[in-house]
Amino acid sequence: MKTMIITGAGSGLGKELAHLLSQKGYHLLLTGRTIEKLATTKKEIEAQGGKVDILRLDIGNAEDVTKKVEEISHTYNIYGLVNNAGVGHFGPFVEMDEHHITEMINTNVLGTLLMTKAVLPQLLKTSEGRIMNIISTAGLRGKVNEAVYVASKFALRGFTESLQKEYEGSGIKFNAVYMGGMDTPFWDNSDHVKDTSRFRSPRDVAEIIIEQMDQDSIIIESKKS
Ligand SMILES: NC(=O)c1ccc[n+]([C@@H]2O[C@H](COP(=O)([O-])OP(=O)(O)OC[C@H]3O[C@@H](n4cnc5c(N)ncnc54)[C@H](OP(=O)(O)O)[C@@H]3O)[C@@H](O)[C@H]2O)c1
């Protein structure tokens, strides 16, 4: 069975993509830092007949990424990677906590780059597979009180577009996914958005992504602005 790795699969969009990719027949390797959340997702998918394994993996930790991807490459037939894990901290740039700046760059940018660097050679060996980068409309345009988050997501846009060109004809499909707000735990500790109920559900967004997986860029604007 072909294995798809999903980062940050214990909640929100990652969890919904896991459900839908399982229905497409993939074996899933769900990763994140909180094993309890991953175990719940695994249980739900297995109850529907899906095949799932879980792995504690902090994408902000370079050693963790390299070591664990090397280990799993001997166990699974890795076909794809969904770089979904991400964090956001918002507010006026001059008031931004340095720790939060580092966390966003380490997770959103460095984590995605390291995961891709670890997994891509496995896909190139078989000349097939896919890497899907979950970005945001924050990767398309600047936004007030989102400077660092936007910077991290613009970096992923450049990264994805470059790999699309660099590995054209390799058999590997790269998707850049730009969505507006989703009603997920992403906003739990933030007052940047007052009412997340006006956002699309992560299930709706996941369904649109799966429908459009053949496109290089998938743009899903917010339901309401
Ligand atoms: N919600 C929105 O409005 C929105 C809009 C556009 C784009 N996005 C993007 O969509 C993606 C998914 O976010 P979401 O809305 O579904 O939020 P979410 O429910 O908070 O999911 C993010 C997941 O990432 C995991 N994660 C965070 N840091 C990690 C790390 N260092 N290593 C491994 N896993 C890590 C978290 O689990 P652990 O803490 O257990 O590791 C969490 O399950 C993110 O890239 C986000 O930037 C979100």
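Quick caveat, the model's predicted, so the values are computed rather than measured. (Residues numbered from 1 in each chain as written. Predicted model: local features only at pLDDT ≥ 70, side-chain atom pairs only at ≥ 80, totals over all residues. Heavy atoms only, no water.)

**Regarding the overall build of the chain**
When you go through the chain residue by residue, the secondary structure sums to 6 helices and 7 strands. Helices and strands in the chain line up, N terminus first, as β-α-β-α-β-α-β-α-β-α-β-α-β. Relative to the globule expectation of 17 Å for 225 residues, the C-alpha radius of gyration of the chain, 17 Å, shows essentially globular dimensions. By principal-axis analysis of the C-alpha atoms, the chain measures approximately 45 × 40 × 30 Å. Per-residue burial over the chain gives 51% buried out of 225 residues. Taking the intrachain contacts of the chain between residues at least 6 apart in sequence as the baseline, contacts between residues at least 24 apart amount to 67%. For the chain, the computed accessible surface area is about 10,900 Å², with 48% contributed by carbon and sulfur atoms. Taking the average place of the 26 positive charges on the side chains of the chain and the average place of its 29 negative ones, the gap between the two points comes to 4 Å. (Helix = DSSP H or I, 4+ residues; strand = E, 2+ residues; numbered from the N terminus. Rg over C-alpha atoms; globule rule 2.2 N^0.38 Å. Buried < 20%, exposed > 50% of the residue type's maximum accessible area, 1.4 Å probe, protein only. Contact = heavy atoms within 4.5 Å. Areas by Shrake-Rupley, 256 points an atom, 1.4 Å probe, with all protein chains shown as cover. Lys, Arg positive; Asp, Glu negative; His and termini not counted. Charge placed at Lys NZ, Arg CZ, Asp CG, Glu CD.)

**Overview of the site of the ligand**
Close contacts around the ligand come from 30 residues, with Ser-11, Thr-34, Tyr-149, Met-182 and Thr-184 the closest. Thr-34 is positioned such that a nitrogen or oxygen atom in its side chain is 2.4 Å from an oxygen atom of the ligand. Contact distances for the ligand include 3.0 Å between a nitrogen atom and a backbone N or O atom of Ile-59. Broken down by secondary-structure element, the contributors of at least two residues to the shell around the ligand are helix 1 (12-23) and helix 5 (147-166). Residue composition of the shell around the ligand, grouped by class: 13 nonpolar, 13 polar and 4 charged. (Near = heavy atom within 4 Å. Polar contact = N/O pair within 3.5 Å; in protein donor to acceptor, adjacent residues only side chain to side chain. Nonpolar A, V, L, I, M, F, W, Y, C, P; charged D, E, K, R; others polar.)

**A closer look at the pairing of strand 6 (residues 172-179)**
The side chains of a regular strand alternate, first on one face of the sheet and then on the other. With 7 of its 8 residues buried, strand 6 lies for the most part within the structure. In terms of strand pairing, strand 5 (residues 129-134) meets strand 6 through 6 bridges, oriented parallel. Note on strand 6: the bridge partner recorded for Arg-130 is Lys-173. In terms of handedness, the path from strand 5 via helix 5 over to strand 6 forms a crossover that is right-handed. (Pairing = 2+ DSSP bridges. Right-handed = clockwise from strand over helix to strand, strands pointing away.)

**Description of the packing of helix 1 against helix 6 (residues 202-211)**
Interaxial distance between helix 1 and helix 6 falls to 8 Å at its minimum, and their mutual angle equals 50°. The orientation of helix 1 with respect to helix 6, classified from their angle, is oblique. For the crossing formed where helix 1 meets helix 6, the hand is right-handed. On the side of helix 1, the interface is formed by Gly-12, Leu-13, Glu-16, Leu-17, His-19, Leu-20 and Leu-21, while helix 6 contributes Pro-202, Arg-203, Val-205, Ala-206, Glu-207, Ile-209 and Ile-210. Considered class by class, the residues forming the contact of helix 1 with helix 6 number 9 nonpolar, 2 polar and 3 charged. (Axes fitted to C-alpha atoms, helices over the stretch in contact; angles between N-to-C directions. Parallel < 35°, antiparallel > 145°, perpendicular 65-115°, else oblique. Left-handed = near helix turned anticlockwise from the far one by under 90°.)

**Observations regarding helix 2 (residues 35-47)**
Note: α-helices contain 3.6 residues per turn, so residues at a spacing of three or four share the same orientation. Between its first and last C-alpha, helix 2 extends 18 Å over 13 residues, near the 18 Å set by a 1.5 Å rise per residue. The complete set of buried residues in helix 2 reads Leu-38, Thr-41 and Ile-45. Down the axis of helix 2, the smallest arc covering the buried residues is 60°, so these residues share one side. Turned more than 90 degrees off the buried face of helix 2, the exposed positions are Glu-36, Lys-43 and Ala-47. At its buried positions, helix 2 is contacted by helix 1, strand 2 (27-32) and strand 3 (52-56). With its phi angle positive at about 95°, Gly-49 sits one or two positions after the end of helix 2. (Expected span 1.5 Å × (residues − 1). Arc of directions from axis to C-beta.)

Keep in mind these values describe shape, not function.
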